[in-house]
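Examination of the molecular architecture
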Amino acid sequence: MRQLKERNRCNRSVRHLKIQGKIWLKNLKSGLDQIRESQVRGTRNNFLHDGSFHEAVAPVLAVAQCFCLMPVSGIGAPTYRGLSFSRRSWRFWYSSLYLCSTSVDLAFSIRRVAHSVLDVRSVEPIVFHVSILIASWQFLNLAQLWPGLMRHWAAVERRLPGYSCCLQRARPARRLKMVAFVLLAVSLMEHLLSIISVVYYDFCPRRRDPVESYLHGTSAQLFEVFPYSNWLAWLGKIQNVLLTFGWSYMDIFLMMLGMGLSEMLARLNRSLEQQVRQPMPEAYWTWSRTLYRSIVELIREVDDAVSGIMLISF
C-alpha cells in the first residue's frame, strides 16, 4: 500500500514537472519570438536618431524652404543650438521676394475683380491670395521665434523619460516623415490632376495651344494688363505653384506640431503606466506633475506662436 502511494506521488510529481516544463518552454519561446521581432540588423542609421523633435521636423522644414517659407538657418544641424535667424541670410531675402511677388499678384487680382462682375468666382482669387499672404507673413514671424521655441522644446524633452531602444528613438522621425510625405504627395497629385483636367477638357480655350490656354487662364490677371508672353506665363505659373504649396503646407505644418506635442504626452503616459501598480514615493508623483505642467506650458507657447497660421488654416 505504501509503495502504491509513493508511486502515485512520483507520477503526480512527474506530470507536474512535465506541465511546468511545457509552460516554461512556451514562455521562453514567446519571449524569444518577441526579442527576434524587435531586433533588426544594426546599421549606422539606427544610431543617428536622438528622438528629438528638432531632428524629426528638419526634412519638413527643408521642403518648406524650397517654397519660400520658414527662413530659418541651421535646420539640418545635429541639435537646436545650430538654429538661427538672420535678416542678412539668403533665406530671408528669398522669403521677402516671395511676399513682394504675392502682394503684386494680389494687386492684379483686385484690379481684375474691380473691372468685372462681382461674384463668388471672381472674389475667390482675392481670398486665396490674402490667405496665403497672411500665412506667409506669419511663417516669417515664426521663423524669428523658432530658435527660442526649439530651445524650450529641447529643455522639456530632456526631462522626459528616455526611450528604451534605438527603434523607439527613430519612430517619431519616421512617423512625421511618412505623414508629411503622404500628404504632400496627395496634394501634388490633386494639383497635377487639376492641371490635366483643365488642359484636356478646356471647352472654351483662350488660345489654340492647350498649354498656352492653361497658362493664360492661370495668370489671367496679368494678361489683362500685359500682352501674353511665355516667360511671363511661366512666372505666373511658378507663383501659382508656390501659393498652392503654401495653402497645403499650413495644415501639414500644424499637424507636425501636434504630433510632436502628443508624442511628449505619450512618453509621460507610458512612464506612468509602467509605475501604476507599484508603490512609488511622493517625489515621483511630484516629478510627474511638474513635467506635465512643463509640457502644458510648452503647448501654450507653441499655440501663441502659431495662432495666426492656425486661424488662416481654419
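Residues numbered from 1 in each chain as written. Predicted model: local features only at pLDDT ≥ 70, side-chain atom pairs only at ≥ 80, totals over all residues. Heavy atoms only, no water.

An unreviewed UniProt entry annotates the protein chain as Gustatory receptor for trehalose of Drosophila simulans. UniProt's Sequence similarities (unreviewed entry) comment on the protein chain is quoted here verbatim: "Belongs to the insect chemoreceptor superfamily. Gustatory receptor (GR) family. Gr5a subfamily." Regarding the protein chain, the relevant UniProt record gives this comment under Subcellular location (unreviewed entry): "Cell membrane". (UniProt positions renumbered as here; feature names shortened; annotations may be inferred.)

1. Examining the overall build of the protein chain
Of the regular secondary structure elements, the protein chain holds 9 helices and 0 strands. The N-to-C order of helical and strand elements in the protein chain reads α-α-α-α-α-α-α-α-α. Counting all 314 residues of the protein chain, 38% fall into the buried class. Taking the contacts inside the protein chain whose residues are at least 6 apart along the sequence as the reference set, 72% of them involve residues at least 24 apart. Here the protein chain displays about 19900 Å² of accessible surface, and carbon together with sulfur accounts for 62% of that area. (Helix = DSSP H or I, 4+ residues; strand = E, 2+ residues; numbered from the N terminus. Buried < 20%, exposed > 50% of the residue type's maximum accessible area, 1.4 Å probe, protein only. Contact = heavy atoms within 4.5 Å. Areas by Shrake-Rupley, 256 points an atom, 1.4 Å probe, with all protein chains shown as cover.)

2. Let's talk about the UniProt feature "transmembrane region" (unreviewed entry) in the protein chain
Here, the residues flagged by UniProt with the feature "transmembrane region" (unreviewed entry) are residues 178-201 and 241-261. Annotation note: span residues 178-201, helix share 96%, strand share 0%, distance between end C-alpha atoms 34 Å. Span residues 241-261 is 100% helix and 0% strand, its end C-alpha atoms 30 Å apart.

3. A closer look at a nonpolar patch on the surface
There is a patch of nonpolar side chains on the surface, built from Met189, Leu193, Ile196, Tyr200 and Tyr201 and spanning about 630 Å² of accessible area. Relative to the helices and strands, tyrosine 201 resides in the loop between helix 5 (166-200) and helix 6 (210-218). (Patch = residues over 30% accessible without salt bridge, like charges linked within 9 Å, V, L, I, M, F, W, Y side chains within 5 Å. Salt bridge = Lys/Arg side-chain N within 4 Å of Asp/Glu carboxyl O.)

4. Quick notes on the pattern of salt bridges
One pass over the structure, following the stated rule, counts 3 salt bridges. As a salt-bridge pair, arginine 112 and glutamate 224 come within 3.1 Å of each other at their nearest N and O atoms. Residue arginine 112 is found in helix 3 (residues 90-114), and its partner glutamate 224 is found in the loop between helix 7 (220-223) and helix 8 (230-274); the two are separated by 112 residues along the sequence. With a relative accessible area of 39%, glutamate 224 lands in the partly exposed category. Glutamate 263 is the partner of arginine 270 in a salt bridge, and the nearest nitrogen-oxygen pair spans 3.4 Å. In this structure glutamate 263 comes out as buried when scored by relative accessible area, which is 14%.

5. With respect to the packing of aromatic side chains
Following the criterion strictly, the structure yields 15 aromatic pairs and no others. Here phenylalanine 67 and phenylalanine 245 contribute two aromatic rings whose centre-to-centre distance is 3.9 Å and whose plane-to-plane angle is 20°, an arrangement assigned as stacked. A residue pair is termed long-range when its members are at least 10 positions apart, and phenylalanine 67 in the loop between helix 2 (53-66) and helix 3 and phenylalanine 245 in helix 8 qualify at 178 residues. Residue phenylalanine 67 is classed as partly exposed on the basis of its relative accessible area, which comes to 24%. The buried category is assigned to phenylalanine 245, whose relative accessible area is 10%. Ring plane angle 45° and centroid distance 5.3 Å describe the contact between phenylalanine 128 and tryptophan 247, whose orientation is recorded as tilted. Of this pair, phenylalanine 128 sits in helix 4 (residues 120-159) while tryptophan 247 sits in helix 8; the two residues are 119 residues apart in sequence, bridging distant segments of the chain. For tryptophan 247, a relative accessible area of 39% corresponds to the partly exposed category. Of the aromatic side chains, those joined through ring pairs into one cluster are Phe67, Phe139, Trp146, Phe245, Tyr249 and Phe253. (Phe/Tyr/Trp six-rings, centres within 6.5 Å; stacked < 30°, edge-to-face > 60°.)

6. Thoughts on the nonpolar core
Grouped together as the largest cluster of nonpolar side chains are 51 residues, with contacts concentrated most on Phe139, Leu142, Trp146, Trp153, Tyr249 and Phe253. Looking at this core, the elements with two or more residues in it are helix 2, helix 4, helix 5, helix 8 and helix 9 (282-313). No other element matches the 14 residues that helix 8 contributes to this core. When residues no more than four places from it in sequence are discounted, the contact partners of tryptophan 146 are Phe53, Val57, Leu61, Met70, Val72, Leu83, Phe253 and Leu257. (Core = buried A, V, L, I, M, F, W, Y, C linked by side-chain atoms within 4.5 Å.)

7. A closer look at the confidence of the model for the protein chain
Averaged over every residue, the pLDDT of the protein chain is 82; residues scoring 70 or more account for 82%. Mean pLDDT values for the elements of the protein chain range from 63 in helix 1 (residues 2-38) up to 92 in helix 9. (pLDDT = per-residue confidence, 0-100.)

8. Some details on helix 8
For an α-helix the count is 3.6 residues per turn, leaving residues at separations of three or four pointing the same way. The end-to-end C-alpha separation of helix 8 is 65 Å, in line with the 66 Å expected for 45 residues at 1.5 Å each. Of all bends in helix 8, the biggest is about 30°, found at tyrosine 249. (Expected span 1.5 Å × (residues − 1). Bend = angle between axes of the 7 residues up to and from the residue.)

9. Observations regarding helix 9
Helix length check: helix 9, at 32 residues, gives a terminal C-alpha distance of 43 Å against a target of 46 Å (1.5 Å per residue), a fit within 8%. Considering bend angle alone, the principal kink of helix 9 is centred on valine 306 and spans about 60°. Restricting attention to buried positions, one finds in helix 9 the residues Tyr284, Ser288, Leu291, Ser294, Ile295, Val296, Leu298, Val302, Ala305, Val306, Gly308 and Ile309.

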